[in-house]
Amino acid sequence: MKKVSIIMGSVSDYEVMSGAEQILTQFGVEYEKKVISAHRTLDFMVEYTRGAKDRGVGVIIAGAGGAAHLAGVAAGLTVLPVIGVPIMTKGLGGLDSLLSMVQMPSGIPVATVAVNGSKNAALLAIEMLAIDDEALTDKLLKFRQEQAEKVLSSVI
Ligand code: RP5
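Here is what the cut-offs are and how they apply
Residues numbered from 1 in each chain as written. Predicted model: local features only at pLDDT ≥ 70, side-chain atom pairs only at ≥ 80, totals over all residues. Heavy atoms only, no water. Phe/Tyr/Trp six-rings, centres within 6.5 Å; stacked < 30°, edge-to-face > 60°. Helix = DSSP H or I, 4+ residues; strand = E, 2+ residues; numbered from the N terminus. Buried < 20%, exposed > 50% of the residue type's maximum accessible area, 1.4 Å probe, protein only. Lys NZ or Arg CZ within 6 Å of the ring centre and 35° of its normal.

**Q** Quick rundown of the packing of aromatic side chains? Include the residues and the values.
**A** Under the counting rule described, the total for this entry stands at two aromatic pairs. Relative to F143, the ring of F27 has its centre 5.5 Å away and its plane inclined at 55 degrees; by these criteria the two rings are tilted. Pair noted here: F27 is in the loop between α1 (14–26) and β2 (31–35) and F143 is in helix α6 (residues 134–152), with a separation of 116 residues, a long-range link. As far as burial versus exposure is concerned, F27 and F143 are alike and both buried. Residues F44 and Y48 carry aromatic rings whose centres are separated by 5.9 Å and whose planes lie at 45 degrees to one another, so their mutual orientation is tilted. With a gap of four residues between them, F44 and Y48 both fall in helix α2 (residues 42–50), about one helical turn apart. Judged by its relative accessible area of 30%, F44 is partly exposed. Overall, Y48 belongs to the buried group, its relative accessible area being 8%. Sitting over the face of the ring of Y48, R55 holds its NZ or CZ atom 4.1 Å from the ring centroid.

Structure representation (C-alpha cells):
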C-alpha cells in the first residue's frame, strides 16, 4: 500500500497536524512526517516533494498557517494528490490560512479541508488510498458505522 506524507510549515503546526497521525495510525496506514517551509526551506521543499513518489508516497497532506503556501507549492511540484490543512492563526483566526490555500489557480488543485481539519485530511487521504484496496474500504465502512452508532446512542 502507498504511504501518506504529512508535511507542515513549522513545528508549531504539529499540535494540529498530530490529528492526522492519530487517524492514520488508527487505520494502520503508513506515513512519513516532516517540517518543511515553502518560504524558509524552498530548495529542500523541491527535493522532498519531487522525491515523494519514488519513496512510495500516494497522497500528501500539507498543514500551514498564515501565508499558507505549502500545499500549493507542493501541488505545483507533483501530480500526487495534495490535501491542504489551513492552520488556525492568532491574528486572523485561520481565515488567512484558508484563503491562501483554497484559492489555487486553475490547473493546480489542492483539496482544502476546514481550518485545523487534520483528521478529515487523513480520512480523505485514506479514502483515496482505499479506491483500489478492499481491506481499507472495509475499515472505512466500519469507522462510519461506529460513528453513526455513537451519534444514535447519544443521550440528552
Ligand atoms: C507558517 O507560519 C507555519 O505553517 C505556521 O503555521 C506559521 C507560524 O510559523 P512559526 O513562526 O511558528 O514557525 O509558515
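The structure having been displayed, the exposition proceeds.
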